[in-house]
Every structure is written in structure tokens, then in C-alpha cells.
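Descriptive analysis of the structure
Letter by letter, the chains look like this.
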Amino acid sequence: MAILSLQFCHQTTVMDYDDSEHLYANVGSGGKLLFCDYSSEDSSDERSIDSMDNGSLNNPAMSPVEIVPIGQVTPQRKNEKSGYLFKQGGVKANKGWRKRWVVFTGNSLRYYDSRKSQVSKRIVPLSCMEKVETLVKDSDKDKFKFNLHTTNRVFQFAADSLQECTLWCSTLMECILKYKAPPGGEPEGLDMNEPDKQGYIKFERRNNYFVAVKQGKMCYYHSEQDFKQGSPINEIDMKLANVKEIGKGKLQLSTHYSHFLLIPESYSECVLWKMAFEESIADALGDNTILDQVMGNPSNRVCADCSAEDPHWASINIGIVLCKKCADLHSGMILPAGIHRNFEHSISRVKSLRMDTKIWTPSLIEMMKAIGNGNANDFWQHELPPDKRINTDTSAAQRMALIENKYKAKLYCDRSGISDNQKVLNEKLLEFSVRGDLLQTMKVTFLGANMYYTNSEGENAYRIAKRMGQRLTMEFLFQNGGERSSSSFNDSDEGQVSRLRAEVCLDGYLQKTGSNKKDFRKRWCVIEHGCLRYFLSQTSSGAKDSVDNDIMMCVQAVSTYDKSLSNVRNLNKRYPEAFELSTCKKDNREYLFAASTPQERKSWMVALAKLFCPVSLMADIGQCEFNLAGNFYIKDVLSSWEKTWLMINNRILEYFDKNKQEFCKVDLRKALNIKYSESTLACTTCLEVGKCLALDVYGKSLYIQADLARDTERLLNVCSKAMKTGGDTLEDQNLSPSNVPVIIEKCVCFIEDYGIQEEGIYRLSGVKSKVQALLDRFMADAHSVVLQQGVNQVHEVAACLKLFFRSLKDPLLMSTKHQLWIDNADDIMYGRMDPQVKLEWYQFLIRELPPVNYSTLKRLIHHFNRLARYSAQNKMTEKNIAIAFGPTLMQTESESEVNSLHVQLQMVVIGDIMKHHQKLFKLGEDEKLMQEKVDEGKKILDGIITTKENVDVNDSLKISVFFLSRSGNCYNPEVNIHTTVKQVIDQLKYRFNATHEEYSLHEVLCDGALERPLHDTDHPHAVVKAWWDWPDCYRKQACLCLKPTPDLMLKLSNMYDPSRALFSEIRLIEKKQTGLLISKSNKYAFQFQQSRLSYFKDAKSAGGSPIGSWNIEDLVIYYGMDPIIRKGDKYGVTFLKVGETPGSKETPVFGHTLCFSSENDSLSWMAGLLAAQHPEGLLP
Ligand SMILES: [Zn+2]
């Protein structure tokens, strides 16, 4: 058998097979296929199609094919089919086989690149299909071909099984046979018949395609011929589409799955296509909101030019409503070159009233109502003779003639009372904009008044109308290009920016107080044209006040219930959804508004923010949530001040980093401290002189300041509140860098340092009132709590930790997951669960935890394992830990559940997690290494301490080391006289999770005013011991801080120049032998040479015998100066002789201070002196 050919065509008849295998069997056996014309009454009309070997109809070996009546056919199976087929590419079917996803819907066949593609390669309507023929050869193994014939083309497909091939053929053929053309034949283009617009358009990077758009659908075709046949390449549901003009004469039609770049033949075609697409989209969406509003003026219900009913286009600069036909002609009117104002080239700017785009601002809609076809025609066709009027049936040419005469030649205008004198006209325009006389403004504008004409203050009509709060006049002038000044004729940035800002609009009623913030009153508020205005009511025309975007400083959400807002205490009503707009208007007025819902407040705040944020961020701001936003000055330690956009959303502070061109986030839950910084650091370009804020975050310090001191304070309050809020969930706590609540981190570390070997730890309870007091302190501000041995008892700290877990609204392992944990524990306990499955379950449940719960559990389990390692001493075996913590971490609602079985199950869970913690938390090599290092570091220190041969145990000492500053986290490593700074850093940087950069240890005195970076080889023991002899005022403020090296050390090593001689006149301040201060202008010539620091009466006497001199080895040198002596000079280097005590109570001045007026001088002296002490290098 060579070729099996099955021919199906209109004349042939087909029958139904109940299943394809049946058919396959018959074909395979080489028999005949029987076809029955079910549409024919005559069932005897049976024919046979011979197979190639000419088998006989009477072949007894062949089973008869069952004939199924048509009524039993399931439509789904017979009328629809989809699947992958191969298709011969190219119109001539000669470009090779390609795999295509083919869908037959019963009405048409479409094919796509893949199943996921939404863009078809071709749509073949059923009406042009003629027949299907199979071309299956006997030798076919993997491709079973069939051809689909249409009236003008043959499509060649191939299936990969005979069965599929036959199914496709039968499905298609059945529909072809059933198809009946309507009387008179199918219309040209089928359902795209008589489209709203048609024609060829060039598709970028593709061909010229024939495009048709009708109602809510757009199709493109290879040719007009294909259009007539109704066989497009693809069709687009315009409901999903969006069209915009990109560059000159290019349109982008986008859907959520693809973009098409269309280049119509000419610019005017482009405008018309855009309108057609917009109309189509509007049609598909069926949104009449704007249309209905504009129809509020009854004269707008018929076309302004031809009186056609139901117009839904508008000329937004003329202020009239038009039918589609007239609208097309309007957009075709172009100003002659040279005359147009470089604004838009059309005399009439046409937009659809059914497109709810950004252009339809409240003022524009109001303006359309206020002008309207009635008033407009009173002006435009005042002199129009009745016989020249047009109607719906007027020919296009006549229509065009009227429209051009009316608007371009201005033949029929009402010129009564209007002067021809340009200067008079211009003055009139200004006068009308002051008064807000819209119709007169319109008249003089169209009769030639120059809208760039300015008054003596340089304000043009638009600016005046804006300032006077004449919305509709302002809107009219804006639509006619009046917002530009004559100096920005071309599309300058200024114009673009002003356009973008003008697009931000919002209106509605808000509650608002006066400047005394006493009583709320309802006001109609409007944001448009880059400013905020409010009116007595929606119908008032004159604004009560207008706030321009260039004076807006920041916007903040507030609640008038908040007692801390002292200035809103006298309010007549309270609103939780209030917001405050800070401006630099007269007296730096603050505006207090109140919305009625959170959504409403959000949209007002976002719209306001968009008015004064950097233009490049306007789109981003629309997506943002924030409770404070504004322009602030920001810098870090190394950079300089830069004004940028800052937002706070709950506990996240975000600012736009102009260098990185991205938003930087600061999690305020992890911030250590925020306070006013020294005024010497303040930004000098702010509007008001003021102090800046210093915000400490792990590894980073940020300085922030607002233009107004009041807004700096505002930021301070918002940040402090966000930092300290400790709610009753884990998420709400102050967090460590590794996402563990600070309270947990501090308690756990304290216990690991001092209580790990304590018998009964976590089982003995502390004094209840003390435990509660400690917890309260943590909840008020966790970062500020410093746990100290001797002050805090380990049992109290342990009880505080447990109490914290119990006071959480939701337990660590979450109540919603409680049953799952318990059910699994039950199965595990009774051995019903495979160990591998068990692990997977735990992994699953742990993965489901929110991030803070996850990291907390991880930290806690690590702690438990360390506890268990010392169980010989503390008696906390795995089991005891589970008993102590099970109910705390998995607390349940009902008391009754706390029975022994439950506790047993909880023990199983905690025990298992402890056992498998490395797998469960996927501890990477890094983390394991880090934990080992912490343990190792501790062991080394333990070793040093307990090695009696070397050290007297009594000489070991617990020191407090703070992270970054005194308000940071604190740990208390034990050191002895041999412990080096490096050892302490190595141990602690893992504790502080500060492994990402280089750190150094600093001796910090006088609340940070004096600072000494310790060298790696220094001994902290000696440093701390020295403080013991100091007067209280110095000793109490002394501390050791671990800081990122770049801060001071980097500055110092940058300034160190070994070739530079240190010799200059410097003011010296020191306490006198008699106990009195030497101060004021005691300048001496200082010289640092050959490890000696000496000073002379003046430069001339240098070389002789100095007044005083020190050996550098004997000095302890600090950067900075005692605040008590800081007067004129800002920078200092202060030193003590080794063993020397800083000033006493009577003479409170710390050591000997060299005062400098420039930072660089102070740094180079400091660097020079330090380098002499550590010739091996400043930086470790
Ligand atoms: Zn019309």
C-alpha cells in the first residue's frame, strides 16, 4: 500500500466514528472506509473510497464502520480541537516544518508559536475552508501529513501519529461540511466588515500589514485580500490594549502580552489611527463616565459642527463636543508651518470622551461644560448663513470646507466689541484672567491675543489665572499652551516637567483647619496644575487658598487623636486619617487636613508627594506607601550633603541615593539611635539654620536635615517612634542585623556569657517585679538596655526571656500551625513516621515561618544546644530544655491542653529541632564556621583566663564593649592583662554579626567627644583599668566601642604623610599646675620631631629650649576635645601622659588639648603622632 488518500470535500460526505482507534484499525488493515452523508435524507447514498490497493467493498475481513447519528455527537469532541502539529512554513509551503500550537474553535483555525503564546500566526476562518486531504504514506513513521485547502491557499500540516492526523481531519471536515454560508454570501472581512478604520501600516521590524479596527477589536492581515477573506494574522481584544504616541508619528499599541510599534504613512494618519484605536479601546471598555459628565451641558448632546446625535469626541482646546466624522476632520487641521506655537500642530486638539485617560482632569471636564457647544457656536458661527450649515448627510468635502472656514479662517466669528489693536487685545486677556471670565478669555484668545504677553511682574495670563484661583480660565489657557513662558517656546525640560506635574490631579471634600489648627471645616480640595487649592464648596469658583508645589516641604500622616500633637488639642473634632502638609509659605504655614478613610488619605498624600518629589520618581511614588515623605538633605560619614527624596513607611526609612540611582532602605527596627548631632556638622544650604540628625544603624551612620528646623524635628519624632515601638508580635520588636529581636539577642548572649553553667538556669525564676521591670524596659527601647553582670541576675534575665515569649500575641511557632506541629509530633512519638519524612515535615513547617520567627527560632535552638553542652553543670538536658520552653514557644489557647501528653509532644518537637538544627536551618559552611569561631574565641579567652601558670585569675576582668556607640548592643567579654584588642575584636565581631567589614576597637570618652582608636596589639585590660582612677565625670562616660574602621581610621590614614614636617603654631589648652585653666590665645609653636613633641614660645624660638616637651611613647592620644573647652576652634587632639589623671572635679578639663580650626590640620597631627607610636602601620 503506497499512499492512503482520504479526500474530504463539500461533495463528499463524512460520518462519525465513535473512537479513533476503531478507524485506525480499519485503515491499518487496508480496508475501505465508509462514508455516509448524514445531511442527506437518503441514507442509502453510501459510497466507498478505495484504498490504493483497491480493496473491495465486500471484503469480509473488514468490519463495518459503525454509523453514529449526528445527534449523539459531543460537540466538544467534534467541533473543537487543539494540539501541537507541524506546519510547512511560507505561503508556498516550502520553508520547512515548524512545530505550531494549533487551535480549531469550530469557527476558525489559529496557530501559534507555542501553547503559551497569545499572539497567533494566522487565523483561518471556517468560511474560507474548502476541504481537507490526508497525504499519509505507508512508509510514514513520524509525520502524518494533511492539507487544508482554503479558497486561495493550501496549508500543510503534519501530526505525529496517524490517529491525531485522522482526528484533525475528521474534526475539520465535519465543520466544513456543516458550514452554510448566509444568503448572499459572507460579508467582506466577515465580522470586521465595514471597519471603523482600515489601511496599511508599517509594523516596526516587520512588514506592512493591512490593519482594520472595528468596535472593540483590531486585526492585522498580510494583505487586503486576506482582510476580505476574514483571515487575519492576529486579532487583538482592545479591552486589554493601550495606545500611545511614541516619538513623532509612531504609535505603540500594547497589551499585557506584547507590544506593537506601528508607523503609519504620515503624521496625520498617525493621529487618525490613534483616535481610531482610542475609540476602539473605549468601545471595548464601554466607560461613559466622562461622557456623561460633559453631557451635563445639554448643548453638548449634538455635534458642534453637524448636529449629529450622540457625539463622543471633544476638542479640548476649543471646548466643544464632536461626532466621529467631524472629529476626524478637526484633527486633520494643521496650522501652517511657522505660525504654530511649537505646542501641538493641530488647531483643534481632539480627544475621545470615552477614554478615561489622564487628560480628563476635573477642571477640564468643568471647562467643557462651561464652554460647551452652545457658547462656542455663539462665538464661532455667529455670522454663519443658514444655508451654509451642515448636517449628518453633508459630504466630507463640504464638511471639511465648513470646518476650515469656521475654525481656521475664522470667517463666522463674533467680533463684536473686540478691538483689532493687538496691545488692547493682550491687555484684555490679562484682565479677563484676573476676573476668571472664561468666555471672554476664549474670545480674545481665538481672536489673536498673545498668551505670552505678560504684565509688569512678568506674569502671563495663565500664571495670573492660576494665582487668582480661576480654575476654568487657567484650564482653558493651559489647553491652549499658555502655561509656557515665551522663553520656553520649544519642548524644554521646564515645559515637560510642568506638563507632568499638571497631570497629577485629584479632587474631593476634605476636612481642613485654619492656620490656628482649631476647627475642622469641610472644604472642596483640588490638586491640579501642580498646586493644591481649596474652595468653600464644589461649585465655588474662587479658591480660598492656593499652595504651589514649589513651597511644599513634606507631607505626614497624623492622627488628631495623638495627644503628642500639642497643637491639635483644641480641635472640635477628631480624625484618625489626618495629614499635615508642611510648607514654607508665609510663617512656614502647616496645613492640616483630614480624610475620611485610609484609602482616601493615601491617595491625597501620594498626589501631593508627586507634586514636589523629583520628577524622575513620580511614577515610583505612585506605587509607594508612606506616612512621611519629603525632600531632605542626607549624607553619610564620608559623603557630602545632598538633597534627595525621603520616605518613611511604618518602620522602614527609604531615601533615593542619587549616585546609585536607587532607593536605599533603612530598617528602623534595626536602628540603634537617632538624635541631634553637633551643630558643626549641620548642613549649610538648608533654608533655615538648624541642627542635623544623626541616625546610627549597624555599620553605618546617616546624617539628615530638613530645610525647616520644624521638619527635622518631625522626622526625629517619626523615627524615634518607629525605632522604639515594641508591639506584642515578634515582627514589631527592635531587631538585630540578623533579624532576631534585640531583647532575645541580648538576653541569650548575657546568659551564654554568665549563666551557661548556672545550675537551674531557666528553671529557677527571678524576682517577679524585677523581671517585669526589665521586660518593660526592653519593650520601651530594647537598644538602650544594657545588661551588666553584677547589676542583672542571670535568673532574672532568663525569666525575662521566657516572659517575653509568653507575652507575645502569637507564639514563636505560631498558633495557626500548632495542630500540625502536634499531629506530627504524635506520629513521631509513636514511631508512625519515617525519619526522612519527619525531617521534611519539620523543614516544611520551619520554612513556613515568617522571617523574624525563623531567625529567632534558629538563634534560640543554637542557644539551646550550647546550654545542653553544659548540662553536666547546669542540669539542662535536652529534655529539661524542652520542658522549660515547649509551652512557652508553642503556647496554646486552652489551659486544658497543658497536660502531660501535650508537654511530651512539645518535648518531641523541641528535641528534634535541636538534634537536626544543622539540616533544618540549612546551616551553610559560613555559618557553621562563624559559630565555631564564636565558640573557639570564647575557649581561647576561657583558656587564657584559666591558665593559672600565666595569669592570676583574679586579674581577669569583664569589660563592656558596645557596638558603634554607647546606645548600641553590648557584650561583656572577659579579658586579662594579655588579651589583645585583636582577640576581643575577633570574638565580638561575630557576636555583633559585624563580619562584613573591618572593625576596630575605640576608647570613647566624654559622650563621644574624645576618641582613641586602639591598636590591635593594645590591651583592653590596661585601658579599662586606667579609668578606675579617674574622676567620676570622666569614668562614668568612658567606654569601649567596636566600630567600622573607615570612620576615623580611614580619615587618619588618608591624612598621614610621613614626608610632612609637623611644625605649626597651635593653641594649647591644659590645666595648670595650680588647678586653673590656661585658655584663650595661648598659641605656641609646636614641633614633632624624633619622637618628641615639644612647644616653644613662638616660631622664632624653635630650636632653642622648649617650654615643654613629651616623649611620644609616654602619651595617650585622643582625637577630639573635651566639650567644656570647645569655643572657637572646632577640632582638637587631646593627650594625657601615661598614668596621668584627667582633670578633677575642681578643674574639669581633660588633659592637654591642641586646638585647630581646620579638620585637615587636626587629622594630620593626629595621624603623625599615632604613626610614631605604631611604626608598623596605622591600620592593623
Ligand atoms: Zn459632526
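Residues numbered from 1 in each chain as written. Predicted model: local features only at pLDDT ≥ 70, side-chain atom pairs only at ≥ 80, totals over all residues. Heavy atoms only, no water.

As for the packing of aromatic side chains
Per the counting criterion, the structure on display carries 36 aromatic pairs. Ring centres of Y200 and F210 lie 5.1 Å apart, and the angle between their planes is 80 degrees; on these two criteria the pair is classed as edge-to-face. Here Y200, found in strand β13 (residues 197–203), pairs with F210, found in strand β14 (residues 208–214); they are 10 residues apart in sequence, far enough to count as distant. Look at F210 and you get buried, because its relative accessible area is 3%. (Phe/Tyr/Trp six-rings, centres within 6.5 Å; stacked < 30°, edge-to-face > 60°. Helix = DSSP H or I, 4+ residues; strand = E, 2+ residues; numbered from the N terminus. Buried < 20%, exposed > 50% of the residue type's maximum accessible area, 1.4 Å probe, protein only.)

Observations regarding the coordination of the zinc ion
Coordination of the zinc ion by the protein is provided by C303 (SG), C306 (SG), C323 (SG) and C326 (SG), with metal-donor distances spanning 2.2 to 2.4 Å. The site at the zinc ion holds four donor atoms, and with the angles between them running 102 to 117 degrees, its shape is tetrahedral. (Donors = N, O, S within 2.8 Å, 3.2 Å for Na, K, Ca; no water. Tetrahedral: all angles 85-135°; square planar, octahedral: opposite > 155°, others 65-115°.)

Some details on the pattern of salt bridges
Tallied over the entire structure, the rule returns 42 salt bridges. Note that R471 and E528 form a salt bridge whose closest N and O atoms lie 3.1 Å from each other. In this pair, R471 sits in helix α13 (residues 471–479) while E528 sits in strand β24 (residues 520–528), placing the two residues 57 residues apart along the sequence. By the burial criterion, R471 is buried, and E528 matches it. Each of E580, E590, R710, D711 and R714 takes part in salt bridges that share partners, so that together they form one network. (Salt bridge = Lys/Arg side-chain N within 4 Å of Asp/Glu carboxyl O.)

Brief notes about the sheet that holds strand β21 (residues 320–322)
Strand order in the open sheet formed by three strands is β21-β20-β22, with antiparallel pairing between adjacent strands. Each having just a single partner strand, β21 and β22 (350–352) make up the two edges of the open sheet. Pairs of neighbouring strands in the sheet enclose a mean axial angle of 35 degrees, with direction left out of account. As judged from the three bridges shared by strand β20 (residues 313–315) and β21, these two strands associate in the antiparallel manner. Paired with A314 across the two strands is V321, which belongs to β21. (Pairing = 2+ DSSP bridges. Axes fitted to C-alpha atoms, helices over the stretch in contact; angles between N-to-C directions.)

As for helix α11 (residues 438–446)
Counting buried positions along α11 yields seven of nine residues, so the element is predominantly enclosed. Taken together, the buried residues of α11 touch α8 (362–380), α10 (422–435) and α13. With its phi angle positive at about 110 degrees, G448 sits one or two positions after the end of α11. (Contact = heavy atoms within 4.5 Å.)

So, the environment of F612
Inspection of the secondary structure puts F612 in helix α15 (residues 598–612). Residue F612 is classed as buried on the basis of its relative accessible area of 7%. A sequence separation of 18 residues divides F612 from G630, and the C-alpha atoms of the two residues are 7.8 Å apart. If sequence neighbours within four positions are ignored, F612 has contacts with R501, N549, M552, M553, C554, V555, L581, A629, G630, N631 and W645.

What about the packing of helix α23 (residues 851–869) against helix α25 (residues 878–889)?
The N-to-C vectors of α23 and α25 enclose an angle of 160 degrees; their axes lie 12 Å apart at closest approach. For the element pair α23 / α25, the angle class is roughly antiparallel. The two elements α23 and α25 meet at a crossing, and its hand is right-handed. For the pair α23 and α25, the contacting residues are L860, F864, L867 and A868 in the first and I881, F885 and L889 in the second. (Parallel < 35°, antiparallel > 145°, perpendicular 65-115°, else oblique. Left-handed = near helix turned anticlockwise from the far one by under 90°.)

Some words on unusual backbone geometry
What is expected of a backbone is that most residues other than glycine have negative phi and most peptide bonds are trans. Its identity is not glycine, yet E194 carries a phi of approximately 45 degrees, on the positive side. Checked against the element boundaries, E194 lands in the loop between α3 (162–178) and β13. On the basis of relative accessibility, which here comes to 65%, the residue E194 falls in the exposed class. At R205, a position not held by glycine, the phi torsion is positive, near 65 degrees. One can find R205 in the loop between β13 and β14.

A closer look at the sheet that holds strand β17 (residues 242–245)
The strand order β16-β15-β14-β13-β19-β18-β17 describes an open sheet built from seven strands, whose pairing is antiparallel. With one partner strand each, in any of the chains shown, β16 (234–237) and β17 form the two edges of the open sheet. The average angle at which neighbouring strand axes cross in this sheet is 35 degrees, direction not considered. Both strand β18 (residues 251–254) and strand β19 (residues 259–263) contribute to a ladder of four bridges, which runs antiparallel. When the bridges of β19 are listed, S254 appears paired with H259. Along the sheet, helix α5 (residues 267–285) makes contact with β13, β14, β15 (217–221), β16, β17, β18 and β19, crossing β17 at roughly 160 degrees.

Things to note about the layout of surface pockets
Of the pockets and cavities examined, the second largest pocket occupies roughly 1500 Å³. For the second largest pocket, the lining is made up of 41 residues, of which E678, L681, Y703, G1008 and E1011 are closest to its centre. Looking at the lining of the second largest pocket, the elements that each hand over two or more residues are β34 (671–676), β35 (693–697), β36 (700–705), β42 (1010–1013), β43 (1039–1044), α32 (1046–1055), β49 (1115–1120) and β50 (1131–1137). If one sorts the elements of the lining of the second largest pocket by residue count, β43 sits on top with four residues. Tallied by class, the residues present in the lining of the second largest pocket amount to 16 nonpolar, 11 polar and 14 charged. (1 Å grid on protein atoms, 1.4 Å probe; cavity = no way out; pocket = protein on both sides within 12 Å on 5 of 7 lines; lining within 4 Å. Points joined across faces, edges and corners; volume = space filled by probe spheres on them. Nonpolar A, V, L, I, M, F, W, Y, C, P; charged D, E, K, R; others polar.)

Observations regarding the confidence of the model for the chain
In the predicted model, the chain carries a mean pLDDT of 79, and 83% of its residues have values of at least 70. When pLDDT is averaged over each helix and strand of the chain, the minimum, 34, is found for strand β3 (residues 33–36) and the maximum, 96, for β21. Low pLDDT, under 50, characterises residues 1–76; the stretch is placed with 122 contacts to residues that sit more than four places away or in other chains. The low-confidence segment residues 486–492, where pLDDT is below 50, has 11 contacts with residues more than four positions distant or belonging to other chains. (pLDDT = per-residue confidence, 0-100.)

A look at empty space enclosed by the protein
For the structure on display, the rule yields seven cavities of 30 Å³ or more. In this structure, the largest cavity spans a volume of roughly 70 Å³. Around the largest cavity, the lining residues are K746, C749, F750, D753, Y754, L787, C970, Y971 and N972. Of all the secondary-structure elements, those providing two or more residues to the lining of the largest cavity are α18 (742–754) and β39 (970–971).

Details of the nonpolar core
Judged by nonpolar contacts, the single largest core of 66 residues is most densely connected at I744, F864 and I913. Residue assignment for this core shows that the elements contributing at least two residues are α18, α19 (768–780), α20 (794–807), α21 (818–829), α22 (835–847), α23, α25 and α26 (900–915). Excluding residues within four positions of it along the chain, I744 makes contact with L730, L801, F804, F805, T856 and L860. Formed by 64 residues, the second largest nonpolar core is a distinct cluster that contains I318, C413, A449 and A502. (Core = buried A, V, L, I, M, F, W, Y, C linked by side-chain atoms within 4.5 Å.)

What to know about the pairing of β16
Covered by surrounding structure in β16 are N234 and I236 only, the residues E235 and D237 on the alternate face being uncovered. Relative to β16, β15 is paired through four bridges, and the arrangement is antiparallel. Looking at β16, one finds that Y220 is bridged to N234.

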